[in-house]
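Each chain, written out:
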Amino acid sequence: MHVLGLLLLMAFNDLAATWLIEVQGAVVTKSAYKIVGPFGQIVRRSINTITAITGPLLFGIWPRSPYFVAGGLTLIWTVLVVVFLEKRRAATRSLLKEKLPEARYKAVMKMKCA
């Protein structure tokens, strides 16, 4: 069970990292991505290192604690990402509504919702 849990954690970690890189590339300019992309990788690798160090310590306290901590932090991170993406989407929609003619805006929104 332990090995299966680790395999699932690693798979979803890589999937989430790939998805976040794609989202970053889609929502920032090329010049900003030169900073945001590498910084995101540095943060991800730092968190992986912290996890590798604290995991055995938490396991020594209570064998299930590393899983609860990792799951809880992942849940919090996921909720924050979704909240910030939705805020960004709302800001982009209002900007599009302001900048585009009404007919073009309706056409764009119809394509996005379909």
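Here, every reference points to the structure presented above.
Sequence order sets the numbering: in each chain, residues are counted from 1 along the sequence as written. In view of the model being predicted, local features appear only for residues whose pLDDT reaches at least 70, and side-chain atom pairs are presented and counted only at 80 or more, with totals across whole chains, interfaces and linings using the full set of residues. Side-chain measures were taken over the full set of non-hydrogen atoms in the model, leaving aside hydrogen atoms and water.

*Asks:* Got a minute to help me understand the packing of helix H1 (residues 2-27) against helix H3 (residues 65-99) in this structure?
*Replies:* Axis lines are fitted through C-alpha atoms, for helices just across the contact stretch, and the angle between N-to-C directions can take any value from 0 to 180 degrees. Runs of H or I in DSSP of at least four residues are treated as helices and runs of E of at least two as strands, each being numbered from the N terminus. The interhelical angle for the contact between H1 and H3, taken along N-to-C directions, is 20°, at an axis separation of 13 Å. By the angle class used here, H1 and H3 are roughly parallel. In terms of crossing hand, the pair formed by H1 and H3 is left-handed. Each of His-2, Trp-19, Leu-20, Val-23 and Val-27 in H1 lies in contact with H3, whose residues at this interface are Tyr-67, Trp-77, Val-81, Leu-85 and Arg-88. For the contact of H1 with H3, a count of residues per class yields eight nonpolar, one polar and one charged. An angle below 35 degrees is read as roughly parallel, one above 145 as roughly antiparallel, one from 65 to 115 as roughly perpendicular, and any other as oblique. Left-handed describes a crossing whose near helix is turned anticlockwise from the far helix by less than a right angle; the clockwise case is right-handed. In this analysis, two residues are considered to be in contact whenever any of their non-hydrogen atoms come within 4.5 Å of each other. Under this grouping Gly is polar, as are all residues other than the nonpolar Ala, Val, Leu, Ile, Met, Phe, Trp, Tyr, Cys and Pro and the charged Asp, Glu, Lys and Arg.

*Asks:* Help me out: how do you make sense of the pattern of salt bridges in this one?
*Replies:* When a carboxyl oxygen of Asp or Glu lies within 4 Å of a side-chain nitrogen of Lys or Arg, that pair is called a salt bridge. Per the counting criterion, the structure on display carries one salt bridge. Here Glu-86 and Arg-89 are joined by a salt bridge, their closest N and O atoms 3.1 Å apart. With Glu-86 and Arg-89 both in helix H3 and three residues apart, the pair spans about one turn of that helix. Three exposure classes are used, based on accessible area relative to the maximum for each residue type with a 1.4 Å probe and protein chains only: buried under 20%, partly exposed in between, and exposed over 50%. With a relative accessible area of 45%, Arg-89 lands in the partly exposed category.

*Asks:* Is there a simple way to explain the side chain of Arg-44 in this structure?
*Replies:* Looking at the element boundaries, Arg-44 is found in helix H2 (residues 30-61). There is a polar contact of 3.3 Å between the side chain of Arg-44 and the side chain of Gln-41. Excluding anything up to four places from it in sequence, Arg-44 contacts Asn-13, Asp-14 and Ala-17. By the criterion applied in these results, polar contacts are pairs of N or O atoms within 3.5 Å in which, for protein atoms, one can donate a hydrogen and the other can accept it, and in which residues neighboring in sequence qualify only through two side-chain atoms.

*Asks:* Just checking my understanding: could you explain H2 for this structure?
*Replies:* Given 3.6 residues per turn, any residue in an α-helix points the same way as the ones three and four places further on. Relative to the 46 Å expected for 32 residues at 1.5 Å per residue, H2 spans 46 Å between its end C-alpha atoms, a close match to the ideal helical length. Two axes are fitted around each residue, one to the seven residues ending there and one to the seven starting there, and the angle between them is reported as the bend at that residue. Along H2, the sharpest kink reaches roughly 30°, centred on Thr-54 and followed within four residues by the proline Pro-56. Turning to H2, its buried residues number three or more, namely Gly-37, Arg-44 and Gly-55. Next to the buried residues of H2 lie H1 and H3. Between the first and last residue of a helix there are one fewer steps than residues, each counted as 1.5 Å, and that sum is the expected span.

*Asks:* Looking at this structure, I do not really get the packing of aromatic side chains. What am I missing?
*Replies:* What describes a pair of aromatic rings is the distance from one ring centre to the other and the angle between the planes of the rings. Stacked, tilted and edge-to-face pairs are distinguished by plane angle, under 30 degrees for stacked and over 60 for edge-to-face with tilted covering the rest, among Phe, Tyr and Trp rings (Trp via its six-membered ring) whose centres lie within 6.5 Å. This structure, assessed with the given rule, holds one aromatic pair. Measuring from centroid to centroid gives 5.4 Å for Trp-62 and Phe-68, while their planes differ by 15°, and the two rings are stacked.

*Asks:* Before we go on, may I ask you to explain the side chain of Ser-65 in this structure?
*Replies:* Along the chain, Ser-65 falls in helix H3. According to the relative accessible area criterion, Ser-65 is buried, its value standing at 11%. Setting aside residues no more than four positions away along its own chain, Ser-65 makes contact with Leu-58 and Phe-59.

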